[in-house]
Amino acid sequence: MRFYTTPFIVQRLFPSRVWSSDGSDAIHLTFDDGPSPEVTPWVLRQLEGAKASATFFCVGKNLEKYAELASEVIAAGHQLANHTENHLDGRNTTTSEYLLDIQKCDERLHHFGIAQPMFRPPYGKLSWGQQHAMAHRPILMWSHMAWDFDARSDKDKSCRTLKSAKPGSILLFHDSKKAERQLKQILPELLSHYHETGMKCRSLRP
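Throughout what follows, the structure given in this document is the object of discussion. Every value quoted in this text rests on a predicted model; they were computed, and no experiment measured them.

### Observations concerning the packing of aromatic side chains
Then, in step 1: Evaluated as defined, the whole model comprises 5 aromatic pairs.
Then, in step 2: When the ring of Phe14 is compared with that of Trp128, the centres are 5.6 Å apart and the planes differ by 25°; the resulting orientation is stacked. Remark: Trp128 occurs in helix α6 (residues 128–133) and Phe14 occurs in the loop between α1 (8–13) and β1 (28–32); sequence separation between them is 114 residues.
Then, in step 3: Classification of Trp128 by relative accessible area gives exposed; the value is 61%.

### Re the environment of Lys104
Then, in step 1: Take Lys104: it is sitting in helix α5 (residues 95–110).
Then, in step 2: A relative accessible area of 38% means that Lys104 is categorised as partly exposed.
Then, in step 3: Between the C-alpha atom of Lys104 and that of Asn92, which follows or precedes it by 12 residues, the distance is 18 Å.

### Concerning the sheet that holds β1
Then, in step 1: Here 5 strands make up an open sheet; going across it, the order is β3-β2-β1-β5-β4 and the pairing parallel. The open sheet has two free edges, formed respectively by β3 (79–82) and β4 (144–145), since each of these has just one partner strand.
Then, in step 2: Of the pairings in the sheet, the one linking β1 to strand β5 (residues 170–174) comprises 5 bridges and is parallel in character. Counterpart to Thr30 in the pairing with β5 is Leu172.

About the thresholds
Along each chain, residue indices are assigned from 1 in the same order as the chain's sequence is written. A pLDDT threshold of at least 70 governs which residues receive local features in this predicted model, and a stricter bar of 80 or more applies before side-chain atom pairs are shown or counted, although totals over entire chains, interfaces and linings include all residues. Calculated side-chain values reflect all of the structure's heavy atoms, with hydrogen atoms and water omitted. Pairing of aromatic rings covers Phe, Tyr and the six-membered ring of Trp, with a centre-to-centre limit of 6.5 Å; geometry is then stacked below 30 degrees between planes, edge-to-face above 60, and tilted otherwise. Counting from the N terminus, the helices are DSSP H or I runs at least four residues long and the strands are E runs at least two residues long. Note on classification: 1.4 Å probe, protein chains only; a residue is buried when its accessible area is under 20% of the maximum for its type, exposed when over 50%, partly exposed between these limits. Note on pairing: DSSP must find at least two bridges between two strands before they are called paired.

Here's what the structure looks like:
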């Protein structure tokens, strides 16, 4: 089952995770799995045209391969954040291995001048042990998901749901090759809608 908005019961089950940005006067666009030379530059152009900023939860090995592109993301006024080094599924990974993978991505982000990177778990999945070990660190989730990585998803439903986002909502997209087709159909329409309605789009901050 696809949930385009995160059910309230799920948020209640994991109250220590960050599902929205309380008190914010903007919505927060986030992009997972990049940077990607096929998709990220296009996303940057769309954001620039809409005068919007966003948060990019990056895979560490992609930061290594596409360091120049990651620098362009920062130069354009956006935020880089941690999405593990190897896009690990926490529930299929030991806690020690998972924490080391996060640390490796942190170290890459430090090279870009990011002292305290925000973190989002790939697939949104963590074991209880991993979550407990990161009790000192905010775990950023999402209130709305575009499902852009799934070709079977309902593009119209995705747009309708994401247009209903309110200030403080955290929206999840992917700047990956897998999501390219759906993302290019959804993102321009949403940015146009937010501009017309006067909705601000800003990156998250630690």
